[in-house]
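Coordinates in review
One letter stands for each residue in the lines below.
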Amino acid sequence: MKLALEIDALSTQASHPWDLLQRLSEAHGGPGAEAERTPLLVMAERALAYSFEDDAARYGTVILGRRFSSSGGDWPPAFDVVDGDEKRCWAKFADIVTHPLPLAQFSDLALSTGTRSGVQAARALVDQYLILAEMTTLDGYYRASCLRRAWSLTRVYPLGMEADVRHRLFEMAETLVAVSDVQPGLLFRAVEPLAIPLRDGEFTEPDRAQVVTLLSTVDRLHGRSSIVFEAVHEVRERLAQNAAEREAARGSLVQSYLNLADLCDGFLRMTWLQEAASAAQRFGLINLRDTAVSALQSLSVDDFGFQSVTTEMRVPRHALDSEISNYRWSQDARGAIEIWLTNPAPTGSFEANTRKADDLSKLGMLSLASRTVVSEQGLPLRSGIGPEAAASWQLERIENMNAAVSSIVLANELEAIKTEYGQISAGELGRHLATRFNCDPEKAVAFGDAIASFWDGRFADAGRAAFPLVEAGARGLLLALGDPLFRIETGGSEGKFPSLETYLERLAAHEFDLDWIRTIRGPVATLRNALAHGHRIDLRREEAALMLRTAGLLVILTPPDSAIVDRAEVSVRLRDPIGSIAARVRLRRRWRRVWTAAPRYFQRPREGWKSGAPNASDGSASSG
């Protein structure tokens, strides 16, 4: 067959089957070459495209597959969809070609697809792969793969050659480990099968001790690479005969992460310490985990070399106080607080923020980079990579920026109320809110006390007083909805209420306003955790105002008799909390802000305004 002779001739210069495939296609390329692309040529090209891949069912063994043969992993076709004529064609090529490279490839295809079978065919194929493993003109990775494929075949067929092939793998591994810049993929092509004993259960050629020594040498000479010491760990786990050896292998992996962290600074040091802590936690190695966590906690944000990008912008004084004129409608401090409680969710509209985050995450290569969010203390919070993670990160960034600006506005407005009306007592404010909004009096008075702390300049006290009201309000709302949450005593664990996150998940199921869920789950929960765990001792006035606004929302939404209140009414409050509050304060929608005051004597009849009110053309009074 002419094509078989051509393949033999091209094989003398090829270093592996894929190289031979490229040479064959090039020989039949060029102008007018379409006529030469016969079905026989296409079949030969597909045959040469198959490569070695790991057998998922049996550790260490390799089979013919499609690993890195196409970008989509869908070419060449899987064996079960190749028709019989093509398979027989491959077997025919195996009968004709003489060069060891194509002979082994076509013979393996014939055996793998069932065109050939039996011990004799397998033995002949092993002999061909052993020849290829000794050919120094071939690609090193391919030679190691040939030896591993030969060993894999001896594991399946009773050829009596397994110990010999295993010894050859050991010799190759010893040669490769001495090469200073050896590629891990090549080195472990020969090392990994050595963790498996012979088919009869014996561990010889080499014995277990020799393999352990080899792994120690690999770790010592090449262990600065995480790829290497992670692969060494996997082989050590396979070699382990008892729990003590398995724990030692796992401890060695964690220690390798710690050693790598010691060689790095800043952000890289943090990531390797994080990896060490995670692995130690996974393996139950408490001492090593504590070592890694202690090292993490010793890091400072200054160690990371972060750079701040600062932009100065002159803003007129009235810009941040653009809505403060709404409080002119108030009669006293109590009415002013009612208006303050109609401010929208500080993080803004979740729907609008999501659209903006999606748009920003599609810009440039930055969306493909990995990112790690670090706390104020320099500890890693979470990591992500890819467009989805970029969109999530952008959304969080937008929400935090919105919350920062809104918090300034909220703080300014609280101070303006005190400046204009003076400070009222917690009891007076609490009684008023409980009466006006039909909410729980005890929580309303506690909220009034938190407001008083803010007005006294005790911002940390205001924040600490506000957050319990958030959880209490959420718990009361769920009770009113017939969805109480309490973890009953089980075993040695006493009964207790769940975390805030559990409350939020249940409120979301009851269609609580998603804008507010994002506010509570994001900046509010972050501040709460920082205070609860001692990472923050003080709060800025803006942060206290944010906590107070959230607490105020949940306090006035929670009815006094949570167990017997009308659930339908509470459901309405959840879906539109600001609208519910505004309705009780008799506010109405306005075109440039969500709510503004509208006393009864300024109701707008069909023919115009009463009491000399502004014209409908006046934008500041027109309805939206």
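Please refer to the structure higher up on the page.
Definitions and cut-offs
Residues numbered from 1 in each chain as written. Predicted model: local features only at pLDDT ≥ 70, side-chain atom pairs only at ≥ 80, totals over all residues. Heavy atoms only, no water. Salt bridge = Lys/Arg side-chain N within 4 Å of Asp/Glu carboxyl O. Helix = DSSP H or I, 4+ residues; strand = E, 2+ residues; numbered from the N terminus. Phe/Tyr/Trp six-rings, centres within 6.5 Å; stacked < 30°, edge-to-face > 60°. Buried < 20%, exposed > 50% of the residue type's maximum accessible area, 1.4 Å probe, protein only. Lys NZ or Arg CZ within 6 Å of the ring centre and 35° of its normal. Axes fitted to C-alpha atoms, helices over the stretch in contact; angles between N-to-C directions. Left-handed = near helix turned anticlockwise from the far one by under 90°. Contact = heavy atoms within 4.5 Å. Nonpolar A, V, L, I, M, F, W, Y, C, P; charged D, E, K, R; others polar.

A closer look at the pattern of salt bridges
- Taken as a whole, this structure holds 29 salt bridges when the rule is applied.
- As a salt-bridge pair, Arg 168 and Asp 164 come within 3.4 Å of each other at their nearest N and O atoms. Here Arg 168 and its partner Asp 164 are both found in helix H8 (residues 162-177), four residues apart, which amounts to about one turn of the helix.
- Look at the salt bridges and you will find they share partners, linking Glu 134, Asp 164 and Arg 168 into a network.

Things to note about the packing of aromatic side chains
- Applying the stated criterion across every chain, the model contains eight aromatic pairs.
- Note on Tyr 257 and Trp 272: the rings are 6.0 Å apart at their centroids and 20° apart in plane angle, and the pair reads as stacked. Of this pair, Tyr 257 sits in helix H12 (residues 243-262) while Trp 272 is found in helix H13 (residues 266-283), placing the two residues 15 residues apart along the sequence. Side by side, Tyr 257 and Trp 272 carry an identical accessibility label, which is buried.
- Here the aromatic cluster, defined as three or more aromatic residues joined through ring pairs, consists of Tyr 50, Phe 79 and Trp 90.
- Above the face of the Tyr 59 ring, Arg 238 is positioned so that its terminal group lies 4.0 Å from the ring centre.
- The ring of Phe 283 carries the charged tip of Arg 282 above its face, separated from the ring centre by 4.9 Å.

Overview of the packing of helix H5 (residues 100-112) against helix H6 (residues 119-133)
- In contact at an axis separation of 9 Å, H5 and H6 are set at 150° when each is read in the N-to-C sense. You can see that H5 and H6 cross each other, and the crossing is left-handed. Across from Pro 100, Leu 101, Leu 103, Ala 104, Ser 107, Asp 108 and Leu 111 in H5, the residues of H6 making contact are Ala 121, Ala 122, Leu 125, Gln 128, Tyr 129, Ile 131 and Leu 132.
- Considering only residue class, the contact of H5 with H6 consists of 11 nonpolar, two polar and one charged.

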